[in-house]
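# Analysis of the macromolecular model
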Amino acid sequence: MKHSISSLISAAEKYLPDLNSKRLQRAYDFADQAHNGQLRKDGTPYITHPLAAAHILTKLHVDEDTLIACLLHDVPEDTVYDLKDLEKLFGKKVRFLVEGITKLSKVHYHDNMQERQVESLKKLFIHSAQDLRTILIKLADRLHNMQTINAIPKPEKRVRISKETLEIYVPVANLLGIWELKSQLEDLSFKTLFPEEFKMIDENVKKTNIKHDKLLKRSIEAVKKLLRSYDIKDFKIEGREKSHYSIYRKMLRQGKSFNEIFDLMGIRIVVADVGACYQVLGILHQNFTPKLGRLKDYIAIPKNNGYQSIHTTVFGIDGNLTEFQIRTEEMDLESSYGVAAHYFYANGKNKKTLKQKWQRKSQWVQRILDIQRDIKNNEDFIEGLKLDVFQDRIFVFTPKGDVIDLPRGSTVLDFAYHIHSDIGNFAVSAHVNGKPESLRYILKSGDVANIETSKESGGPKISWIDQVNTALARNKIREYLKYQSKDKLIAQGEKQLDEKLKVFGHPGIDAITKGQRGLIQRYFEQNSWKSVMTEIGAGILDPRELIQVVYSEEEIMGEEAEPRRASYSGEKVPEKVHKVHFYIEVINKIGMLRDLTSALADLEINILNMSSLLTKDRGVNILDFYVEIQDLKQLEKAMFTMGQIPGVIKVTRIQNGQ
Ligand code: MN
């Protein structure tokens, strides 16, 4: 079909009474000019693509910014204009949406990916989109690319794109409940991947449609009359088409022939409210004999994805089996446009039922609901959607491009254990995005991590327990440590305890008195000091717990004090802090102090005082820091983070009086 900007404007004006058509026209003119001279693979000017995608979006009743962003979606990547130019011309929101689409184009799919990885990729896709409208644009973009896929000369490329569509885009559309886009994407992929099967089904569908056509018209007329005779006025009735792919899947799944699956007519009746749905069901069953076992009430018990309708099959006109779907307008809207129906169609009158329906959807949609509940205004709602959802997950890539899905805060070691326990156990070093990083480096979404292993590494160390964030990694480490010799466990336990003691400025393990040892043994129900050390060495006992048994918080952290800092930008200031003193041995270089202070600021640690104490050797400085620390955890974090900064040689905690 040939689209024009004027047909886009008139389609949008139908549902957007306040549309600024000049702005839309301006976006079109700009995109047209920017892509000038570029051609699509089928030889048409490039602008036909964003224009067609925007047309698809008008069916979802998207807002003006979404349409504009869609028209501009390929500008930053394919033309000389960048995001800043778009912001200047069309504002921050449009820039934000286009930026989101650009990011999504970096979500890569590889052939032969395992199911788990495909699953992660789907999540990554949703995660990377900060605003749901971005996904809608991306789906429309993909749908138009699929509609024109035959223009791509290389068959392998057509297959790869179709597989990607089927495995990533279709499930995402399904998750969002946008069945209208989903079934089109599905059928187009099906056509490329299984051309023979598609042809067979297509021919059969056409044949059956011809056969059914007259009968369908007669049936619709008869039902219309019937409903009016029962005084039902407010209804829509239409014949229903099944997607080719869904017929194919049913044939495979149920082992049935095409005729068995398809040789029944489908009619959909849409009415005003739920009461009318049941009324229509009653009327149909009173006048046509229902087929046993075919009545499904998805209104009372919705499907897992939230789908609602009543389904029944009856012996209809001339005894022909006819399948009816009965639903309200709202259910109909939602079954076609899912999430979009909520954003763009919601008119407030049915908010309560909408909410109930959403609650049955998957968990992350539930989170969206929560945001929606807090934010009344529609625009704020979409802003609020800056996917809080999945904020707690990160997606990290192996060098081969496989995706590992981890909780936020996971380290390189977690990643290694999630690939394979041997990779975790024998990890020695790592590169993240090509740069060497320690095993306890905290990863973020989109990182590419490469783990170097060595069989001579000696296996996991007890300190690793503190360096991982997932139960899986922790268990694997413990599992390994369990089988070490007792002497080794004891030695590791002692070392671990010694290190932890020194973090809070204690002289170390040798300074623990006999009386304190006895107290610890009794507290942890161990019959010897050695068995306490074994437990620490095997990762069963946390040395911090042990320290807290013997020393009070004041002894560990220093005297409690009122925080000295004030809240300027509304951030929370802790009620009490401890004044902690550090010596930091550093290489004397430009930017050293800035790196240290900004690392502390990132941890929300206030610096009370600092000075450069003395120069040990040429080029080595000892810095003297007084800071406000909340608890032992923050103290350890601060010491670790400072120790990681290039140029820092050693961080020592100084206890009062030392
Ligand atoms: Mn595109």
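Scope of this entry: the structure provided in the associated data block. Because the structure is a prediction, the values reported are computed rather than measured.

## Considering the overall build of the chain
- Counting secondary structure elements, the chain contains 29 helices and 16 strands.
- The 658 residues of the chain split such that 50% are buried.
- Excluding contacts between residues fewer than 6 apart, the proportion of contacts in the chain whose partners are at least 24 apart in sequence is 65%.
- A total accessible area of about 33300 Å² is found for the chain, and carbon and sulfur atoms account for 49% of it.

## Details of helix α23 (residues 486–503)
- Here α23 contains 18 residues, and its C-alpha end-to-end distance of 26 Å stays within 8% of the 26 Å for a straight helix at 1.5 Å per residue.
- Buried residues of α23: L489, I490, Q492, G493, Q496, L497, D498, K500, L501 and V503, and no others.
- Buried residues along α23 sit against α22 (471–482), α25 (529–537), α26 (543–550), α29 (632–644) and β16 (648–654).

## Examining the packing of aromatic side chains
- Counted according to the given criterion, the structure contains ten aromatic pairs.
- Summarising the aromatic geometry, the rings of Y245 and Y248 are spaced 6.5 Å apart at their centres and angled 35° between planes, so their arrangement reads as tilted. You can see Y245 and its partner Y248 sitting in helix α13 (residues 244–254), three residues apart, about one turn around the helix. The same class applies to Y245 and to Y248, which are both buried.
- Connected via pairs of aromatic rings, a cluster forms that spans F190, F194, F198, Y245 and Y248.
- Stacked on the ring of Y169, the Lys or Arg R142 has its end atom at 4.2 Å from the ring centre.

## Some thoughts on the coordination of the manganese ion
- For the manganese ion, the full set of protein donor atoms is H49 (NE2), H73 (NE2), D74 (OD) and D141 (OD), at a range of 2.2 to 2.3 Å.
- As a motif over one chain, the donors of the manganese ion read H-x23-H-D-x66-D. A residue pair is termed long-range when its members are at least 10 positions apart, and H49 in helix α3 (residues 48–58) and H73 in the loop between α4 (64–71) and α5 (75–78) qualify at 24 residues. By the burial criterion, H49 is buried, and H73 matches it.

## With respect to the environment of I645
- Looking at where I645 falls in the secondary structure, it is placed in the loop between α29 and β16.
- Residue classification places I645 among the buried residues on the basis of a relative accessible area of 10%.
- Put simply, I645 and L596 are 49 residues apart on the chain and 7.5 Å apart in space, counted from C-alpha to C-alpha.
- The residues contacting I645, other than those within four sequence positions of it, are M592, D595, L596 and A599.

## Describing the nonpolar core
- L24, L57, L67, L71, L72, L139 and I201 are the most contacted members of the largest nonpolar core, which totals 76 residues.
- No other element matches the eight residues that helix α9 (residues 132–147) contributes to this core.
- Residues in contact with L139, not counting those within four places in the same chain, are Y169, A173, I178, L181 and L185.
- Ranked by size, the runner-up nonpolar core spans 41 residues in total, among them F524, W529, I556 and I629.

## Here we look at the layout of surface pockets
- Taken as a whole, the second largest pocket holds about 1700 Å³ of empty space.
- Contributing to the lining of the second largest pocket are 39 residues, with R440, E636, K637, F640 and T641 lying nearest its centre.
- Of all elements in the fold, only α23, α28 (592–602), α29 and β16 reach the threshold of two or more residues within the lining of the second largest pocket.
- Here the element with the most residues in the lining of the second largest pocket is α29; it accounts for eight residues.

## A few points about unusual backbone geometry
- Of note, the phi angle at H61 is positive, near 55°, even though the residue is not glycine.
- Looking at where H61 falls in the secondary structure, it is placed in the loop between α3 and α4.
- By relative accessible area, which is 25% here, H61 ends up partly exposed.
- A positive phi is found at D318, a non-glycine position, where the angle reads about 55°.
- Tracing the backbone shows D318 in the loop between β5 (310–315) and β6 (321–328).

## A short note on the sheet that holds strand β10 (residues 435–437)
- In spatial order, the strands read β10-β9-β11; together these three strands make up an open sheet with antiparallel pairing. For this open sheet the edge positions go to β10 and β11 (449–453), each flanked by a neighbour on one side alone. On average, adjacent strands in this sheet sit at an angle of 30° to one another, irrespective of strand direction.
- Across the sheet, helix α20 (residues 412–419) is in contact with β9 (427–432) and β11; its angle to β11 comes to roughly 75°.

## Describing the pairing of β9
- As judged from the five bridges shared by β9 and β11, these two strands associate in the antiparallel manner. Bridged to H431 within β11 is N450.
- Where β9 lies against β10, three bridges are found, and the strand directions are antiparallel. By the bridge assignment, V432 is partnered in β10 with K435.
- Taken together, β9 and the strand that follows it, β10, pair antiparallel across an intervening segment of two residues, in which N433 is found at a positive phi of about 50°.

Procedures and definitions
Residues numbered from 1 in each chain as written. Predicted model: local features only at pLDDT ≥ 70, side-chain atom pairs only at ≥ 80, totals over all residues. Heavy atoms only, no water. Helix = DSSP H or I, 4+ residues; strand = E, 2+ residues; numbered from the N terminus. Buried < 20%, exposed > 50% of the residue type's maximum accessible area, 1.4 Å probe, protein only. Contact = heavy atoms within 4.5 Å. Areas by Shrake-Rupley, 256 points an atom, 1.4 Å probe, with all protein chains shown as cover. Expected span 1.5 Å × (residues − 1). Phe/Tyr/Trp six-rings, centres within 6.5 Å; stacked < 30°, edge-to-face > 60°. Lys NZ or Arg CZ within 6 Å of the ring centre and 35° of its normal. Donors = N, O, S within 2.8 Å, 3.2 Å for Na, K, Ca; no water. Core = buried A, V, L, I, M, F, W, Y, C linked by side-chain atoms within 4.5 Å. 1 Å grid on protein atoms, 1.4 Å probe; cavity = no way out; pocket = protein on both sides within 12 Å on 5 of 7 lines; lining within 4 Å. Points joined across faces, edges and corners; volume = space filled by probe spheres on them. Pairing = 2+ DSSP bridges. Axes fitted to C-alpha atoms, helices over the stretch in contact; angles between N-to-C directions.

Just geometry here; none of it tells us what the structure is for.
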